[in-house]
Amino acid sequence: MRFATKQDIEAPIADVFRIISDFEAWERAAMRRGAEVSRIDKLRTVAAGMRWAARFSYRSKQRNMELELTQIEPSTLLRFAGISQAIEGVASIDLIELGGKRTRMHMVLEISPRSLTARLFLQSLRLARARIDRKFDQRAAQLAGEIEARYRAVKKY
């Protein structure tokens, strides 16, 4: 199943990429929302091969997931692969410069089942496709707003 959305951000592409690739900040944000996140690689810089283990509650059940940064192209692309007991997926964030101070963020998430239960779950998502797409767009817009807010906060100083 594939989800895709585009959001425009009022910030230069270099700053958007810097904010998106600040993985320690995203780890802290996930922990504030109740997830347990830990790095499981030995890399010291931002590079393909970075890996995380995450544990979180979804639908009243504890879930475990491993996430890996599989591709990074400075200022333009981040691609992740994730795997859990039930599903696996690939997420990519492409950045396109629209002008000196505007960036378009194109997000794509593709998920596939690894079990019969997950296959049934994804089928239920297909039945509610319009609602799920709307929620995906809303969450991407919220992310774009957070990026703009972080950019403005840094720009002030």
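For the structure, check the block above.
Scoring rules and cut-offs
Residues numbered from 1 in each chain as written. Predicted model: local features only at pLDDT ≥ 70, side-chain atom pairs only at ≥ 80, totals over all residues. Heavy atoms only, no water. Phe/Tyr/Trp six-rings, centres within 6.5 Å; stacked < 30°, edge-to-face > 60°. Helix = DSSP H or I, 4+ residues; strand = E, 2+ residues; numbered from the N terminus. Buried < 20%, exposed > 50% of the residue type's maximum accessible area, 1.4 Å probe, protein only. Lys NZ or Arg CZ within 6 Å of the ring centre and 35° of its normal. Salt bridge = Lys/Arg side-chain N within 4 Å of Asp/Glu carboxyl O. Pairing = 2+ DSSP bridges. Axes fitted to C-alpha atoms, helices over the stretch in contact; angles between N-to-C directions. Contact = heavy atoms within 4.5 Å. Arc of directions from axis to C-beta. Polar contact = N/O pair within 3.5 Å; in protein donor to acceptor, adjacent residues only side chain to side chain.

## Structural notes on the packing of aromatic side chains
As enumerated under the stated definition, the model contains 4 aromatic pairs in all. Plain terms: the ring middles of Phe-23 and Trp-52 are 5.3 Å apart, the flat faces sit at 55° to each other, and that makes the pair tilted. Taken as a pair, Phe-23 in helix α2 (residues 23-32) and Trp-52 in strand β3 (residues 51-58) lie far apart in primary sequence, 29 residues in all. With a centroid separation of 6.1 Å and 85° between ring planes, the pair formed by Phe-23 and Phe-80 is classed as edge-to-face. With Phe-23 in helix α2 and Phe-80 in strand β5 (residues 77-84), this pair connects stretches of sequence that are 57 residues apart. Across the pair, exposure class does not vary: Phe-23 and Phe-80 are buried alike. The rings of Phe-23, Trp-52 and Phe-80 are connected pair by pair, giving a single aromatic cluster. Here Arg-150 stacks its cationic end above the ring of Trp-26, 5.1 Å away from the centre of that ring.

## Describing the pattern of salt bridges
Summed over the entire model, instances satisfying the criterion amount to 13 salt bridges. A salt bridge links Asp-41 to Arg-39; the nearest nitrogen and oxygen atoms lie 2.6 Å apart. The partly exposed category is assigned to Arg-39, whose relative accessible area is 30%. A network of salt bridges, in which partner residues are shared, links Asp-8, Glu-10, Arg-102 and Arg-104.

## Some words on the sheet that holds strand β2 (residues 36-39)
Backbone-to-backbone hydrogen bonds pair the strands of a sheet. The strands run either parallel or antiparallel. Spatial strand order, β1-β7-β6-β5-β4-β3-β2: 7 strands in an open sheet with antiparallel pairing. In this open sheet, the two edge strands, each paired with only one partner strand, are β1 (2-9) and β2. Each strand axis lies, on average, 20° off the axis of its neighbour in the sheet, ignoring direction. Taken together, the 7 bridges between β5 and strand β6 (residues 87-99) define a ladder with antiparallel strand orientation. When the bridges of β6 are listed, Leu-77 appears paired with Asp-94. Relative to β6, helix α1 (residues 13-20) is tilted by about 155°, and along the sheet it contacts β1, β4 (61-73), β5, β6 and β7 (102-113). Docked against the sheet, helix α3 (residues 116-127) engages β3, β6 and β7, running at close to 135° with respect to β7.

## Digging into α1
Those residues of α1 not exposed but buried are Ile-13, Val-16, Phe-17, Ile-19 and Ile-20. Viewed along the axis of α1, the buried residues span an arc of 165°, placing them on a single side of the element.

## A word on the side chain of Thr-5
Locating Thr-5 in the fold gives a position in strand β1. Reaching out from Thr-5, the side chain makes a polar contact with the side chain of Asp-137 at a distance of 2.7 Å. If we ignore the near neighbours within four places in the chain, the residues touching Thr-5 are Met-105, His-106, Met-107, Phe-136, Asp-137 and Ala-140.

## Comments concerning the pairing of β5
Taken together, the 8 bridges between β4 and β5 define a ladder with antiparallel strand orientation. Bridged to Gln-71 within β5 is Arg-79. Between β4 and β5, which follow one another and run antiparallel, lie 3 residues, and Ser-75 among them has a positive phi close to 70°. Taking the residues between adjacent antiparallel strands as the criterion, β5 and β6 are bridged by 2 residues.

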